[in-house]
Amino acid sequence: MNSNAKLELTKEEMTAYGYKVVDAIVEHFDTQHTKKPVAFASREEMDSLFLEQAPEQPSDAKQVLDFVLQEVMSKSAIVSHPKSYSFVPGPSNYVSAMADTLATGFNIFSGGWAASPAAAELEIITIGWLLKIFGFPKKKGGGIFTSGGSMANLTAIVTARRIKCGDDFSKAVIYLSDQAHSSNIKAIRVLGFRKEQIQIIPTDGDFKVSLNKLKNCIAKDRLRGMQPFCYVATAGTTNTGTVDPLTEISKICKQEDIWFHIDAAYGGAAILAKNGKQLLKGIDKADSLTVDPHKWFYQPYEMGCLLVRDHKWLKNTFTEKPEYLRDVEGNESEINFYDHGIQLTRRFRALKFYMSVKTFGLSAFRKAITYNIQLAEKVETILRKSKKWEIISPATLAVINFRYNPIGNTWNELQLDAMNQYISSQVINSREALLVTTLLNGHVVLRMCLINPRTTLDDVKETLALCEEFATQKAAL
Ligand SMILES: Cc1ncc(COP(=O)(O)O)c(C=O)c1O
């Protein structure tokens, strides 16, 4: 092949190439459940497959694609696999995957109105859908799509600090519980807060923040001349799915003039299910809210979202007016999303949300989320009936924590920890299911996050049976 200084393929080549890519994606969606969800490989193995200098000479396009399909795609965990239970899975959906392909194919710049009014409009519309879903003020409220929950939390905390403290945040203090997601601490570190400006509030036995400890801490901080400015609540903790007491916290925040941020990155979507909505009562009281469409709204990566009660807060925090953007400013209603967040150049994230909700209808999302919550409850029932398993934290927003602890055994806590760690390692080694542990109150537990609508009760039963097999093996050692 000759060097191709325009980086182009012929129309026929592009067509063949594209069909091959789509065929591979369709095949993946169609057959993923027959594959193993876990991928592991050592750095040496990966180096031996991929390591090379940037090639000066071209290669055949089809050969490169074949190599990638064969070697790269097969060596990643399948986070949309029905037996992918760990972390927060990414169930995704085909329509949104294709929407992302379109957005990338057309390389749509989703930063400003002038460049792509339709992209900006679809972001306004879909953010509007989410504002309504979460009971935020529809007219005054606003928001922005981000790469994920981490960026949404960072955007929220920057905004809170700007609105509550202005330029002088030397005495500002931020509060969050010991169950808050690590991305919040990361955001706080990015923002340069000192140690004495960060208060981690202990949770009670239910993993909810202790309101008394929060109130005491705020009072003490005021006494030492600090400025409490933001509380980060969690609606759906990553560990246990627990929802902080949102209504009570909103009252404290109001009394204390503290910004109320809720990180509902994974759990927020449960508002579309009846019992989820009950659990999330008070979510509409937040000043800002993180929800992650790339988790339980079934969107492919990357898609997070920050909603705010007043869109002007974002504008007042992020607007910069460099001379090279003076010709594209537009008017008030024509939003330039680069003025509402950190990124200037942004991909067109709204498209996948728009196309998938239009295609399937919100009712499909409601059913899928309801199914997920009920599935976790059924798993809890099965585990409770069994003589081998112990529930450590009940099914909440489709997350359940449990451990192998057969009735009548004489193992101490250390032995139980070792047993459950062993079960998880063996399951991972078998590659049959992605089931890792977490620590609750310092002890090893198995955790399932059942937000994939393609996971069946039989999938879970098979995984539990596999766990029991490994446990029996270990017990016999
Ligand atoms: C509660 C919560 N907040 C924030 C995040 C971070 O989101 P992301 O991984 O999309 O950056 C997660 C991820 O699991 C989460 O569960």
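This one's a predicted model, so the numbers in the text were calculated from it and none came from an experiment.

### A few points about the overall build of the protein
Then comes step 1: In terms of regular secondary structure, the protein is built from 15 helices and eleven strands.
Then comes step 2: Taking 2.2 N^0.38 as the reference for a compact globule, 477 residues should give roughly 23 Å; the C-alpha atoms of the protein span a radius of gyration of 24 Å, in line with that estimate.
Then comes step 3: Out of the 477 residues belonging to the protein, those deemed buried represent 49%.
Then comes step 4: Restricting the contact set of the protein to residue pairs at least 6 apart, pairs at least 24 apart contribute 74%.
Then comes step 5: A total of about 23,500 Å² of accessible surface is found on the protein, and carbon and sulfur atoms cover 54% of it.
Then comes step 6: The protein carries 57 positive and 52 negative side-chain charges, and their two centres are separated by 7 Å.

### Details of the sheet that holds strand S8 (residues 389-396)
Then comes step 1: Across the sheet, four strands lie side by side as S8-S9-S11-S10; this open sheet has antiparallel pairing. Both outer strands of the open sheet, S8 and strand S10 (437-440), are each paired with one neighbouring strand and no more. Along the sheet, successive strands turn relative to each other by an average axial angle of 35 degrees, direction set aside.
Then comes step 2: Pairing of S8 with strand S9 (residues 399-404), which is carried by five bridges, proceeds in the antiparallel orientation. In the sheet register, glutamate 390 faces S9, and the bridge partner there is arginine 403.
Then comes step 3: On top of the sheet, helix H13 (residues 362-385) reaches S8 and S9; it is set at about 160 degrees to S8, its chief contact.

### What to know about the packing of aromatic side chains
Then comes step 1: In the structure shown here, the tally under the stated rule is 14 aromatic pairs.
Then comes step 2: On the numbers, 6.3 Å between centres and 50 degrees between planes, the contact of phenylalanine 145 with phenylalanine 353 is tilted. Of this pair, phenylalanine 145 sits in strand S1 (residues 142-146) while phenylalanine 353 sits in helix H12 (residues 350-360), placing them 208 residues apart in sequence.
Then comes step 3: A relative accessible area of 1% means that phenylalanine 145 is categorised as buried.
Then comes step 4: Classification of phenylalanine 353 by relative accessible area gives buried; the value is 1%.
Then comes step 5: When the ring of tryptophan 389 is compared with that of phenylalanine 402, the centres are 5.4 Å apart and the planes differ by 75 degrees; the resulting orientation is edge-to-face. Here tryptophan 389 is found in strand S8, whereas its partner phenylalanine 402 is found in strand S9, with 13 residues between them in sequence.
Then comes step 6: With a relative accessible area of 6%, tryptophan 389 lands in the buried category.
Then comes step 7: By relative accessible area, which is 0% here, phenylalanine 402 ends up buried.
Then comes step 8: Every member of this aromatic cluster is reached through a ring pair, and the members are Trp129, Phe145, Phe297, Phe353 and Tyr354.
Then comes step 9: Directly above the ring of phenylalanine 169 sits arginine 161, whose terminal nitrogen or CZ lies 3.6 Å from the centroid.

### Quick notes on the site of the ligand
Then comes step 1: Near the ligand, the surroundings consist of 14 residues, among which Gly149, Ser150, Asp263, Asp292 and His294 are the closest.
Then comes step 2: A total of 390 Å² of accessible area belongs to the ligand in isolation, and the protein chains cover 84% of it.
Then comes step 3: Residue contributions to the shell around the ligand peak at three residues, all from helix H6 (residues 149-165).
Then comes step 4: Residues belonging to the shell around the ligand are distributed by class as follows: two nonpolar, nine polar and three charged.

### Some thoughts on the confidence of the model for the protein
Then comes step 1: Mean pLDDT for the protein: 97, with 99% of residues reaching 70 or above.
Then comes step 2: Mean pLDDT per element in the protein: helix H10 (residues 274-279) is the minimum at 96, and strand S6 (residues 288-291) is the maximum at 99.

### Notes on H12
Then comes step 1: For H12, the set of buried residues is Ala350, Leu351, Lys352, Phe353, Ser356 and Val357.
Then comes step 2: Residues of H12 that are buried in the fold lie against helix H4 (94-105), helix H5 (117-133), S1 and H13.
Then comes step 3: Phi turns positive, to about 85 degrees, at glycine 361, one or two residues after H12.

### Observations concerning the nonpolar core
Then comes step 1: Counting residues in each nonpolar core, the largest one holds 89 residues, and the members touching the most others are Phe134, Ile262, Ile283 and Trp296.
Then comes step 2: Broken down by element, this core gets its largest block of residues, eight residues, from H13.
Then comes step 3: Other than its neighbours up to four places away in sequence, phenylalanine 134 contacts Gly268, Ala269, Ile271, Ile283, Asp284, Leu289, Val291, Phe297 and Leu307.
Then comes step 4: With 29 residues, the next largest nonpolar core counts Ala152, Ile157, Trp259 and Leu306 among its residues.

### Observations concerning a positive patch on the surface
Then comes step 1: A contiguous patch of positive charge, built from Lys132, Lys138, Lys139, Lys277 and Arg366, is present on the exposed surface.
Then comes step 2: As for its placement among the helices and strands, lysine 132 is situated in helix H5.

### Regarding the packing of H5 against H12
Then comes step 1: Relative orientation of the contacting elements H5 and H12 amounts to 60 degrees, with a least axis distance of 9 Å. When the axes of H5 and H12 are compared, the pair comes out oblique. Considering only the axes of H5 and H12, their crossing is left-handed. Taken together, the residues of H12 that come into contact with H5 (itself represented by Leu122, Glu123, Thr126, Trp129 and Leu130) are Ala350, Leu351, Phe353, Tyr354, Val357 and Lys358.
Then comes step 2: A per-class count over the contact of H5 with H12 returns eight nonpolar, one polar and two charged.

### Considering the sheet that holds strand S5 (residues 259-263)
Two strands in a sheet stick together by hydrogen bonds in their backbones, pointing the same way (parallel) or opposite ways (antiparallel).
Then comes step 1: Spatially, S1-S7-S6-S5-S4-S2-S3 is the arrangement adopted by the seven strands of the open sheet, whose pairing is mixed. Looking at which strands have only one partner, the edges of the open sheet turn out to be S1 and strand S3 (198-201). Here the strands of the sheet are splayed against their neighbours by 20 degrees on average, with no regard to which way each runs.
Then comes step 2: Of the strand pairs in this sheet, S6 and strand S7 (residues 304-308) are connected by four bridges, and their pairing is antiparallel. Within the sheet, the bridge partner assigned to serine 288 lies in S7 and is valine 308.
Then comes step 3: Set on the sheet, H5 makes contact with S1 and S7; between it and S1 the angle comes to about 110 degrees.

### Thoughts on the pairing of S5
Then comes step 1: Of all five residues making up S5, five are buried, and the element is well covered by its neighbours.
Then comes step 2: Of the two faces of S5, both are covered, the one formed by Trp259, His261 and Asp263 as well as the one formed by Phe260 and Ile262.
Then comes step 3: Of the pairings in the sheet, the one linking strand S4 (residues 227-234) to S5 comprises five bridges and is parallel in character. Bridged to tyrosine 231 within S5 is phenylalanine 260.
Then comes step 4: Strand direction decides the pairing type here: S5 and S6, joined by three bridges, are parallel. Bridging from a neighbouring strand, histidine 261 pairs with serine 288 of S6.
Then comes step 5: Between the parallel pair S5 and S6, the chain is carried across by H10, and the sense of this crossover is right-handed.

Cut-off values and rules
- Residues numbered from 1 in each chain as written.
- Predicted model: local features only at pLDDT ≥ 70, side-chain atom pairs only at ≥ 80, totals over all residues.
- Heavy atoms only, no water.
- Helix = DSSP H or I, 4+ residues; strand = E, 2+ residues; numbered from the N terminus.
- Rg over C-alpha atoms; globule rule 2.2 N^0.38 Å.
- Buried < 20%, exposed > 50% of the residue type's maximum accessible area, 1.4 Å probe, protein only.
- Contact = heavy atoms within 4.5 Å.
- Areas by Shrake-Rupley, 256 points an atom, 1.4 Å probe, with all protein chains shown as cover.
- Lys, Arg positive; Asp, Glu negative; His and termini not counted.
- Charge placed at Lys NZ, Arg CZ, Asp CG, Glu CD.
- Pairing = 2+ DSSP bridges.
- Axes fitted to C-alpha atoms, helices over the stretch in contact; angles between N-to-C directions.
- Phe/Tyr/Trp six-rings, centres within 6.5 Å; stacked < 30°, edge-to-face > 60°.
- Lys NZ or Arg CZ within 6 Å of the ring centre and 35° of its normal.
- Near = heavy atom within 4 Å.
- Nonpolar A, V, L, I, M, F, W, Y, C, P; charged D, E, K, R; others polar.
- pLDDT = per-residue confidence, 0-100.
- Core = buried A, V, L, I, M, F, W, Y, C linked by side-chain atoms within 4.5 Å.
- Patch = residues over 30% accessible without salt bridge, like charges linked within 9 Å, V, L, I, M, F, W, Y side chains within 5 Å.
- Salt bridge = Lys/Arg side-chain N within 4 Å of Asp/Glu carboxyl O.
- Parallel < 35°, antiparallel > 145°, perpendicular 65-115°, else oblique.
- Left-handed = near helix turned anticlockwise from the far one by under 90°.
- Right-handed = clockwise from strand over helix to strand, strands pointing away.

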